[in-house]
Amino acid sequence: MAQSEAEIQRQKEMQQAEELLFSGRQELGFAKGLFLGNFVADWVMPYPRLDPTRQTELESALSDVRQMLDRDLDPDWIDRNADIPRHLIDGLARTGVLGMTAPREFGGRGFSQMQCCRILEEIGKRDASTSVFVNAHHSIGIRALILFGTREQKAQWLPSLVAGEKLAAFALTEREAGSDAANVRMTATPTDGGSHYVLNGEKRYITNAAVSQVWTVMARTPVPDKPGKDAITAFLVTPDTPGVEMIEGRMPKLGIRGTATGRFRLSNVRVPKENILGPLGKGLRVALTVLDFGRTTFGACCTGAAKHCLQLAIEHANSRQQFKKTLGDFDLVKKKIARMAADVYAMEAMTNVTASLIDRGLEDYMIETAMLKVFTTDRLWEAVNDAFQIHGGSAYFDDNPLGRMLRDARINQIGEGSNEVLTSFIALVGMRGPGMEFKEIYDTMTSFALNRIGKAWNAGMNRMNATVRTPGVPVSSAELRGFASELGRLIRRFNVSVNRALVVYREPVLDMQLIQERIAGVAMELFASTCTLSRWDSELQASQRNGNAASSDSSAPGLFLRRSFRCIRTLLDSLRDNDDKAILATADSVLGKTR
């Protein structure tokens, strides 16, 4: 029976995903371990700390950055004028922010990802436009050059970029390519002699496009010796090259108004082959690797903004009086502040743990960075909303920063991969491990191939052991062992639920996004809970070494773990008991679709 066009396209997409995500070295990282019913402790415990030298270095840098921001950063001016002033950019360059993780030999500070995240948290606490500007220039704009550039390319481009003499942008998004990064349509055709590539196409929603002098541009190049086949390649492009047209330098927008978000067209733009970043045809891997770093600093910026929301809420709750009480005396206000404090604690813990995976040279942390991005952007949105509600009507007026923060925060759930796309990514990539084991068992049972029996037996034993075994979660503090035991039980239950979904739905689960959403939601809560528990354990141990007593009953981490565990149980229950059919039927009816 002939395959339909949709089936052919699905197989093509699956093959591309397999080549991209699973062609390199595969580790059993923390997130993939969760889906297999394992607790990969050494990825998350003990809680990461900077060594004394780097900590001292960071504190000195933070002091300089804070002084500069106090003097040069006016978030209301930036929002009002839709611009980031040159004196602020110069201050960011002078304090080393624009080249934090670039090698020292090229003028950078050589900071680790954890140090970088702490600096960006401080900026994110003060102004989203400035933090996005820095993220676009440093975390994704020059990141491909740092990671994939040749020594000659770094020597040519990095010094002026880290000094702020030139600014950078990362150009991936097009009309049909955003979260779907593989759908880039801009072309790069080699000249007859092969010395140049000719780029044609349009990019949109590019942060820093109009103010930068160096763009990392993703375009499709022909695959040598494979007629008709192409792949994405990363190029360094300068906007002063003939054929570059800035269609719209500053697109008016709801929030982060200070950033110059632009749209440009390339028409027969000749780029020398020396400007290719990374291997020819491997631009998508370059892009996704860069976005891993960007999503980590994204988490740091959101953590900083959430801390500011909490601070504003506390100050207002302690000063504003209603009905002869301060707002902080009312339980419903306390509930919001407690929830914000718990989430901020977890957001910071997740950011540090995820950044440490990069610093330790571990590989294959795509799921962890995606979980961090979704979790922190969603929780920041809730924090802004709660702080807004606590301030009441005063938050609605322009003399209160929460209106600006509300507008600024909304883009976070869309930028650098929409949260819906990343949610499906988390679920599908995570389920691949147990799915492959079930496939091994099924293929052996249906084909009776003797040479596969050993693999099938091992796969079956892995699935059975994960079903009956509760993984241990090692903590050093006796008062946290109850939380650790419950976390282990929830990991086992999660694994059983993933197994059941794979057995019941099989391949159709690839399209069942409501199931994927719950599975990804549990995985994110498990990761957040683990990071929170790891941090809390570390703090309790430090307190005990210093002879201090610490309460385990009324703390923010304790509240977070209780709420997170309850959320996990609810999501797992809803895999069986839900309104999915009614939801889809109602939506199809409203949309005029037939099922």
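This is a predicted model, so every value here is computed, not measured.

Calculation criteria
- Residues numbered from 1 in each chain as written.
- Predicted model: local features only at pLDDT ≥ 70, side-chain atom pairs only at ≥ 80, totals over all residues.
- Heavy atoms only, no water.
- Core = buried A, V, L, I, M, F, W, Y, C linked by side-chain atoms within 4.5 Å.
- Buried < 20%, exposed > 50% of the residue type's maximum accessible area, 1.4 Å probe, protein only.
- Contact = heavy atoms within 4.5 Å.
- Helix = DSSP H or I, 4+ residues; strand = E, 2+ residues; numbered from the N terminus.
- Expected span 1.5 Å × (residues − 1).
- Patch = residues over 30% accessible without salt bridge, like charges linked within 9 Å, V, L, I, M, F, W, Y side chains within 5 Å.
- Areas by Shrake-Rupley, 256 points an atom, 1.4 Å probe, with all protein chains shown as cover.
- Salt bridge = Lys/Arg side-chain N within 4 Å of Asp/Glu carboxyl O.
- Lys, Arg positive; Asp, Glu negative; His and termini not counted.
- Charge placed at Lys NZ, Arg CZ, Asp CG, Glu CD.

Peer 1: Could you give an account of the nonpolar core, naming the residues involved and the relevant values?
Peer 2: Counting 90 residues, the largest nonpolar core has Leu 380, Ile 426, Phe 494, Ile 519, Leu 526 and Leu 533 as the members making the most contacts within it. Contact partners of Leu 380, with chain neighbours within four places excluded, come to Cys 302, Ala 305, Ala 306, Cys 309, Met 347, Ala 409 and Asn 412. Counting 49 residues, the second largest nonpolar core, distinct from the first, contains Ile 140, Phe 170, Ala 171 and Ile 232.

Peer 1: Let's hear about the environment of Gly 33: which residues, and what values?
Peer 2: Here Gly 33 is to be found in helix H2 (residues 30-35). Spatially, the C-alpha atom of Gly 33 lies 8.8 Å from that of Gly 433, the residues being 400 residues apart in sequence. Not counting residues within four places of it along the chain, the set of residues in contact with Gly 33 comprises Leu 28, Asn 38 and Val 40.

Peer 1: Describe helix H12 (residues 366-391), naming the residues involved and giving the relevant values.
Peer 2: Here H12 is 26 residues long and its end C-alpha atoms lie 38 Å apart, about the 38 Å a rise of 1.5 Å per residue gives. Across the 26 residues of H12, 21 count as buried, placing the element largely inside the fold. Count one or two residues on from H12 and you reach Gly 392, which has phi positive near 70°.

Peer 1: Can you lay out the environment of Ala 177 for me, pointing to particular residues and giving the numbers?
Peer 2: Mapped onto the elements, Ala 177 comes out in the loop between strand E1 (168-171) and strand E2 (187-190). On the basis of relative accessibility, which here comes to 1%, the residue Ala 177 falls in the buried class. A sequence separation of 26 residues divides Ala 177 from Lys 203, and the C-alpha atoms of the two residues are 9.2 Å apart. With residues up to four places along the chain from it excluded, the contact list for Ala 177 reads Leu 172, Asn 183 and Val 184.

Peer 1: Tell me about a positive patch on the surface, residues and numbers included.
Peer 2: There is a patch of like positive charges on the surface, built from Lys 226, Lys 229, Lys 282 and Arg 285. The exposure class of Arg 285 is partly exposed, given its relative accessible area of 32%.

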